[in-house]
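Inside the fold
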Amino acid sequence: MSWQDYVDKQLLASRCVTKAAIAGLDGNVWAKSDGFEVTKDELGKLVQGFDKIDTLTSGGVTLAGSRYIYLSGTDKVIRAKLGKVGVHCVKTQQAVVISLYEDPIQPQQAASVVEKLGDYLVSCGY
């Protein structure tokens, strides 16, 4: 399965995620949904935020030019929100899975889909 297949067939097809991307920890995009134009700089700051949460609490999470309010996170998961759009990101050993979801999708629905894919990628060495 290609990286694009993971975005299209695992994340978007679940209907629990409206936009998604998978990128390396270096900020290079491996696959993304149409119209989700995340930049290498945005991804680099996101990846740093897993280790330095204070950068996200003060500056938020910026993806595809939109700044989201940081809600919570760990060294593996970041959650943010802006209006009716939520963000759920999962860090694996070599990648980060980024997802956006919109009302009426519930945060736990998106979290379940994204974290299952993250766990699967970890089990495959990614």
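In what follows, the structure referred to is the one given above.
Residues numbered from 1 in each chain as written. Predicted model: local features only at pLDDT ≥ 70, side-chain atom pairs only at ≥ 80, totals over all residues. Heavy atoms only, no water.

A closer look at the side chain of S33
To keep it simple, the criterion reads: Helical segments are the DSSP runs of H or I of at least four residues, strand segments are the runs of E of at least two, and each set is numbered from the N terminus. Working rule for contacts: check all heavy atoms of both residues, and any pair within 4.5 Å makes them a contact.
Mapped onto the secondary structure, S33 falls in the loop between strand 2 (29-32) and helix 2 (40-51). Setting aside residues no more than four positions away along its own chain, S33 makes contact with V7, L12, K19 and A20.

Details of the pairing of strand 7 (residues 95-102)
To keep things clear, this is the line we draw: Relative accessibility thresholds used throughout: buried, under 20% of the residue-type maximum; exposed, over 50%; partly exposed, between the two (1.4 Å probe, protein chains only). Two strands are said to pair when DSSP picks up at least two bridges between them.
For strand 7, the tally of buried residues reaches seven of eight residues, placing the bulk of the element in the interior. One ladder, built from seven bridges, connects strand 6 (residues 85-91) with strand 7; its direction is antiparallel. Paired with C89 across the bridge in strand 7 is I98.

With respect to the packing of aromatic side chains
Note the cut-off: Stacked, edge-to-face and tilted are the three classes for Phe, Tyr and Trp ring pairs, Trp counted by its six-membered ring, which pair at centre distances within 6.5 Å; planes under 30 degrees apart are stacked, over 60 edge-to-face, the rest tilted.
On inspection of all chains with the given rule, the structure shows five aromatic pairs. With a centroid separation of 4.6 Å and 50° between ring planes, the pair formed by W3 and W30 is classed as tilted. Taken together, the positions of W3 in helix 1 (residues 3-11) and W30 in strand 2 put the pair 27 residues apart, joining distant regions of the chain. For W3, a relative accessible area of 21% gives the class partly exposed. A residue is classified by how much of its surface remains accessible, and W30, at 31% relative accessible area, is partly exposed.

Some details on the pattern of salt bridges
To be explicit about the condition: In the sections that follow, a salt bridge refers to a side-chain nitrogen of Lys or Arg positioned within 4 Å of a carboxyl oxygen of Asp or Glu.
Inspection of every chain in the model, using the stated rule, returns four salt bridges. For D41, the salt bridge identified is with K45, shortest N-O distance 3.5 Å. Taken together, the residues D41 and K45, both in helix 2 and four residues apart, mark about one turn of the helix. Two residues, K91 and D51, come together in a salt bridge whose shortest N-O distance is 3.9 Å. Of this pair, K91 sits in strand 6 while D51 is found in helix 2, placing the two residues 40 residues apart along the sequence.

Re unusual backbone geometry
A cis amide bond links D103 with the next residue in sequence, P104, at an omega value of 10°. Its place among the elements puts P104 in the loop between strand 7 and helix 4 (107-123). At R15, a position not held by glycine, the phi torsion is positive, near 60°. The residue R15 is located in the loop between helix 1 and strand 1 (19-24) in this model. Residue A64 is not a glycine yet carries a positive backbone phi of 50°. The residue A64 is located in the loop between strand 3 (61-63) and strand 4 (66-73) in this model.

Regarding the environment of A111
Summarising the element assignment, A111 is placed in helix 4. Judged by relative accessible area, which is 15%, A111 ranks as buried. As a C-alpha pair, A111 and Y101 span ten residues in sequence and 9.7 Å in three-dimensional space.

What about the sheet that holds strand 7?
Definition in use: Between N-to-C directions, angles cover 0 to 180 degrees, with each direction set by a line fitted to C-alpha atoms, over the stretch in contact for helices.
The seven strands are arranged 2-1-7-6-5-4-3 in an open sheet whose pairing can be described as antiparallel. On the outer flanks of this sheet lie strand 2 and strand 3, each paired with one strand and no other. On average, each strand axis in the sheet is inclined to that of its neighbour by 25°, with strand direction left out of account. In this sheet, strand 5 (residues 77-82) lies alongside strand 4 in antiparallel orientation, the contact comprising four bridges. Bridging from a neighbouring strand, I69 pairs with K81 of strand 5.

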